[in-house]
Amino acid sequence: MSLLELKEISQQFGDKILYEDLSLQVNRGEHLGLIGQNGAGKSTLIKIITGEILPDDGTVSWQKNIHYGYLDQYVEVDPELTIRDFLKTAFMAEFEKEAKIGKLYEEYSENYDDKLLEQAGKLQTELDQGDFYQIDTLVDEMSSGLGLAILGMESQLKNLSGGQRSKLILAKLLLEKPDVLILDEPTNHLDDEHVAWLSQFLKDFAGTFVVISHDQSFLNQITTHIADIEFGKLTKYTGNLEKALKQKEQFQETYLRQYAAQKKQIEKTEAYIRKYKAGSRSTMAKSRQKQLDKVERLTPPNSNAKAHYDFPYHPIVTTLALETTDLTIGYQKPLLPPINLTVRYGEKIAIRGFNGIGKSTLLKTLIGEIRKIDGDFHFPANTKINYFEQDLHWENGYQTPLQYLSDIYPKETVKELRKHLSRAGLPSELAQEPLRTLSGGEQTKVKLAQMTMEKGNLLILDEPTNHIDQSTKISLQESLQNFAGTVIVVSHEEDFYSAWVDRVVDIQQ
């Protein structure tokens, strides 16, 4: 049974056409993964589904009385609430029923109307048959599964980082158990252990969900159907991601054969028309022209801009790239025990640990953005650090990528700036669109393009894969593997770094 139906959706932003006559049907019980290249319009489609954006054309129809829950990581929350109290707001309807029962008994004590007792009894039965008397257990299980419990259940929301806050909002949404879950990159702030927990939760979820994720392993585990957006069209496949990609490959091969055959026939017909349109066979030529005009021509196969990263190398002669001695990091108080870490020059290491433990704080301390609390760290002379920050914050979101890079590199020509953006995988037409209108993946490509314009011998990257598609990940993997200097990467995606790093450093409290 269809819970959600999109019919003939069209959407355009400026000169950029996202969809033309896109249609999708989501049925009860389907676990649907929404995929597509960066900028294909996945997040925009989610916003159309939830009503946040109205499409230029087409309709969105929900089945009546369907409750959907949307992972909105920017929702306003009361900063004074504790983690436990915030999560309990997922059961607000149950608490309201409990309060209503109390009022009914209070009214009954005044007028002894049996109808009041009947109403109270009905509400009590609903509480008994629901999760009301398991709320504390459910909250504790969810908090443990997503790594919130270690932060302290009585911690106030105002003390949480952006990533911790995102996990909290996800936890509340899952506790609400809506008929349909709508999740946009739910694993971005989760470490491996908690991604595994979420995977199992979603596999066991009895309802329906639509999820966007660039984590292929995660999608492959949780999906029963895949919706692929490509060139403004949507194709729905049955099966998990692996099966869907195989079907897509088969469809593409069939389409390419059909396109090639049609192209050959059209060229042959056009040659005949040119040859005989003015001769004795002109009548036949005109007839063939009419037939040709009626042919519904197949769209030429396209290819997305492929990223090619080349991080320029600044030579250095040294044995060690980094050495820390009892380094203590944090803000008002230490986040971790003193860190003693030695990184050899040319070594490639991945740093992992649960979200919120202090991985980003460590990197920001090393680059001098945050002051150390105690201890020391040392880089050799002539170290040139090239740093990727995971947060997509811009001082001026109305700047275009060209304007942004031009301000940093005023001596570079527009042609050179365009070249770097293009090699980073950003289509040329987006080089003059405001940064704030670009997708997360497109914004990430702008930041990576900036890195390709900086000479360095130590690359430090904080969650570089959060928003990028699989082909871009592969290009980034290759460039980091081939980089002549040292690489330190923080990533929750083991599939991204396992094949090319020399070792993994686990950070633990």
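Below is a short write-up of the structure.

Calculation notes
Residues numbered from 1 in each chain as written. Predicted model: local features only at pLDDT ≥ 70, side-chain atom pairs only at ≥ 80, totals over all residues. Heavy atoms only, no water. Salt bridge = Lys/Arg side-chain N within 4 Å of Asp/Glu carboxyl O. Helix = DSSP H or I, 4+ residues; strand = E, 2+ residues; numbered from the N terminus. Buried < 20%, exposed > 50% of the residue type's maximum accessible area, 1.4 Å probe, protein only. Expected span 1.5 Å × (residues − 1). Arc of directions from axis to C-beta. Contact = heavy atoms within 4.5 Å. Polar contact = N/O pair within 3.5 Å; in protein donor to acceptor, adjacent residues only side chain to side chain. Pairing = 2+ DSSP bridges. Axes fitted to C-alpha atoms, helices over the stretch in contact; angles between N-to-C directions. Parallel < 35°, antiparallel > 145°, perpendicular 65-115°, else oblique. Nonpolar A, V, L, I, M, F, W, Y, C, P; charged D, E, K, R; others polar. Left-handed = near helix turned anticlockwise from the far one by under 90°. Core = buried A, V, L, I, M, F, W, Y, C linked by side-chain atoms within 4.5 Å.

## Quick look at the pattern of salt bridges
Throughout the structure, instances matching the rule amount to 21 salt bridges. With its nearest N and O atoms 2.8 Å apart, the salt bridge here joins Glu 30 to Lys 236. On the criterion of sequence distance, the pair formed by Glu 30 in the loop between strand S2 (16-27) and strand S3 (31-36) and Lys 236 in strand S9 (residues 233-238) is long-range, its members being 206 residues apart. You can call Lys 236 partly exposed: its relative accessible area is 30%. Residue Arg 503 pairs with Glu 347 through a salt bridge whose shortest N-O separation is 2.5 Å. Pair noted here: Arg 503 is in strand S17 (residues 503-506) and Glu 347 is in the loop between strand S11 (342-344) and strand S12 (348-352), with a separation of 156 residues, a long-range link. By relative accessible area, Arg 503 is classed as partly exposed at 27%. Within this structure, Arg 84, Asp 140 and Glu 154 form a network of salt bridges that share partners.

## With respect to helix H1 (residues 42-49)
A large share of H1 lies buried, amounting to six of its eight residues. Taken together, the buried positions of H1 are Lys 42, Thr 44, Leu 45, Ile 46, Ile 48 and Ile 49. Note on H1: the residue one or two positions beyond its end, Gly 51, has a positive phi of about 85°.

## A look at helix H4 (residues 114-129)
With 16 residues, H4 extends 23 Å between its outermost C-alpha atoms, agreeing within 8% with the 22 Å of an ideal straight helix rising 1.5 Å per residue. Among the residues of H4, Leu 116, Ala 120, Leu 123 and Leu 127 are the ones counted as buried. What you see down the axis of H4 is that its buried residues fit within an arc of 65°, all on one side. Turned more than 90 degrees away from the buried face of H4 sit Asp 114, Lys 115, Glu 118, Lys 122 and Gln 129, all of them exposed. Against helix H3 (92-111) lie the buried residues of H4. Capping the start of H4 is the job of one residue whose side-chain oxygen sits 3.0 Å from the backbone nitrogen of Lys 115: Asp 113.

## Focus on the sheet that holds strand S6 (residues 180-184)
Ordered by their spatial adjacency, six strands build an open sheet running S5-S6-S7-S3-S8-S9, and the pairing between neighbours is mixed. The open sheet has two edge strands, strand S5 (68-70) and S9, and neither has a second partner. Strand-to-strand, the axes of this sheet are offset by a mean angle of 15°, without reference to chain direction. For strand S8 (residues 225-230) and S9, the ladder comprises six bridges, and the chain directions are antiparallel. Bridge pairing in S9 links His 225 to Thr 238.

## Regarding the packing of helix H5 (residues 135-145) against helix H7 (residues 192-204)
With their axes 9 Å apart at the nearest point, H5 and H7 run at an angle of 130° to one another. Comparing the axis directions of H5 and H7 gives the class oblique. Residues Glu 141, Met 142, Ser 144 and Gly 145 of H5 form the contact with H7, whose own contacting residues are His 194, Trp 197 and Phe 201. When grouped by side-chain class, the residues that make up the contact of H5 with H7 number three nonpolar, three polar and one charged.

## Section: the packing of H5 against helix H6 (residues 162-176)
Taken N-terminus to C-terminus, the directions of H5 and H6 make an angle of 135°; their axes are 10 Å apart at the nearest point. The angle between H5 and H6 falls in the class oblique. The interaxial crossing formed by H5 with H6 has right-handed handedness. On the side of H5, the interface is formed by Leu 138, Val 139 and Met 142, while H6 contributes Ala 171, Leu 174 and Leu 175. Per-class residue counts for the contact of H5 with H6 are six nonpolar, no polar and no charged.

## Concerning the side chain of Gln 477
Considering the arrangement of structural elements, one finds Gln 477 in helix H15 (residues 470-482). Residue Gln 477 is classed as buried on the basis of its relative accessible area, which comes to 18%. Engagement of the side chain of Gln 477 in a polar contact is seen with the backbone oxygen of Phe 496, the distance being 2.7 Å. With residues up to four places along the chain from it excluded, the contact list for Gln 477 reads Asp 495, Phe 496 and Trp 500.

## Section: the nonpolar core
Residues Leu 87 and Leu 202 are the most contacted members of the largest nonpolar core, which totals 47 residues. Element by element, the count of residues in this core is highest for H6, at seven residues. Apart from residues no more than four positions distant in its own chain, Leu 87 is found in contact with Val 139, Ser 143, Leu 148, Met 153, Leu 168, Ala 171, Lys 172 and Leu 175. In this structure, Trp 394, Leu 438, Met 451 and Val 489 belong to the second largest nonpolar core, which totals 35 residues.

## Structural notes on unusual backbone geometry
Positive phi is not limited to glycine here, since Glu 8 has a value of about 50°. Relative to the assigned elements, Glu 8 resides in strand S1 (residues 2-13). Judged by its relative accessible area of 51%, Glu 8 falls in the exposed class.

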